[in-house]
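Topology and contacts: notes
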Amino acid sequence: MPSGRELALIALLAGAPALVAGCAGATGEAPRTPRPGVHVALMPAAWATEASVEGVDGDSAMASALARRGGARVSLLSARLSRSPGCADDAACVREAARALGASKIARTELAGLGATVLVRGAIVDVETQMREQLMQEVVHDADPARLRAAIERLGERLAKPWAPLPPGPRRAWYEEPWLWVGVAAAATAGAAAGIGVALSSGEGDPDVVLTPP
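In this convention, every chain numbers its residues from 1, walking through the sequence in written order. Only residues with pLDDT of at least 70 get local features here, since the model is predicted, and only at 80 or more are side-chain atom pairs given and counted; chain-wide, interface and lining totals rely on the full set of residues. Values reported for side chains reflect all heavy atoms of the structure, with hydrogen atoms and water molecules removed beforehand.

Attention shifts here to the pairing of strand E6 (residues 132-140). A strand pair is defined by DSSP finding two or more bridges across the two strands. A run of DSSP states H or I qualifies as a helix once it reaches four residues; a run of E qualifies as a strand once it reaches two. Both are numbered from the N-terminal end. As judged from the eight bridges shared by strand E5 (residues 117-126) and E6, these two strands associate in the antiparallel manner. Counted as the bridge partner of Arg121 is Gln137 from E6. Connecting the antiparallel pair E5 and E6 is a turn made up of five residues, with Gln130 showing a positive phi of about 60 degrees.

Take the side chain of Asp126 next. Among the structural elements, Asp126 can be located in strand E5. Summary of the burial criterion: residues with accessible area below 20% of their type's maximum are buried, those above 50% are exposed, and those between are partly exposed, where the area comes from a 1.4 Å probe applied to protein chains only. Judged by relative accessible area, which is 12%, Asp126 ranks as buried. Only heavy atoms matter for contacts: two residues are in contact if any of them lie within 4.5 Å across the pair. In contact with Asp126, other than residues within four places in its own chain, are Ser104, Lys105, Met131 and Glu133.

Looking now at the side chain of Lys105. Positionally, Lys105 belongs in strand E4 (residues 105-114). A distance of 3.2 Å separates polar atoms of two side chains, one belonging to Lys105 and the other to Asp126. In this structure, Lys105 is in contact with Val38, His39, Val40, Ala41, Ile124, Val125, Asp126, Val127, Glu133 and Trp163, ignoring residues within four places of it in sequence. For this analysis, a polar contact is any N or O atom pair within 3.5 Å, provided that within protein one partner can donate a hydrogen and the other can accept it, and provided that sequence-adjacent residues contribute only side-chain to side-chain pairs.

Even without glycine at this site, Gln130 takes up a positive phi of about 60 degrees. For Gln130, the position within the fold is in the loop between E5 and E6. One non-glycine residue, Asp142, lies in positive phi territory at about 50 degrees. Its place among the elements puts Asp142 in the loop between E6 and helix H5 (145-160). You can call Asp142 exposed: its relative accessible area is 52%.

The end-to-end C-alpha separation of H5 is 22 Å, in line with the 22 Å expected for 16 residues at 1.5 Å each. If you follow the buried residues of H5, they end up packed against strand E2 (46-47), helix H2 (58-70), E4, E5 and E6. Multiplying 1.5 Å by the helix residue count minus one yields the expected span of that helix.

So this is what it looks like as structure tokens:
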């Protein structure tokens, strides 16, 4: 039969894993709270003026920004709109095309050039209400494909901000962590068991004495 000291040591070690597990779980940053995913139907980027800059892939820039910043699922409307001439200029037609894709939002990218200056505009429209929820724009001077793509990506990230995961909340103080009190309770229980074990293993003493755990 193990001695009283051995029983005490065994009981104390039994409570240690809870403390170790708690310490391991307390490290690292608090996770960001996810928001419900948004499905966006992206209209082809369009120039509102005859002046334009060649080589600007506005669709790719906007789609990557919406997905990266807001975690949105992006579907391109270009293929569906091309099947019906004039559909891109018909709000009802665009709405039905977005609905067919299962999207809840429509993203528009428009560019207007005046000499070497280009106005880049991005908008988000709700599919069901047809209400414009967001409208943002940026002026790009000495515009070239690289600068315009960067501007479109910045607009896309700003438009997607409402869908982005929520920042982590403030971490609790170490003494408020549940793992700490689980470990304390386990250690207290182990200590009580050790005390009883020591008394029982001694084989001596008054049998009428009752040991009460702290």
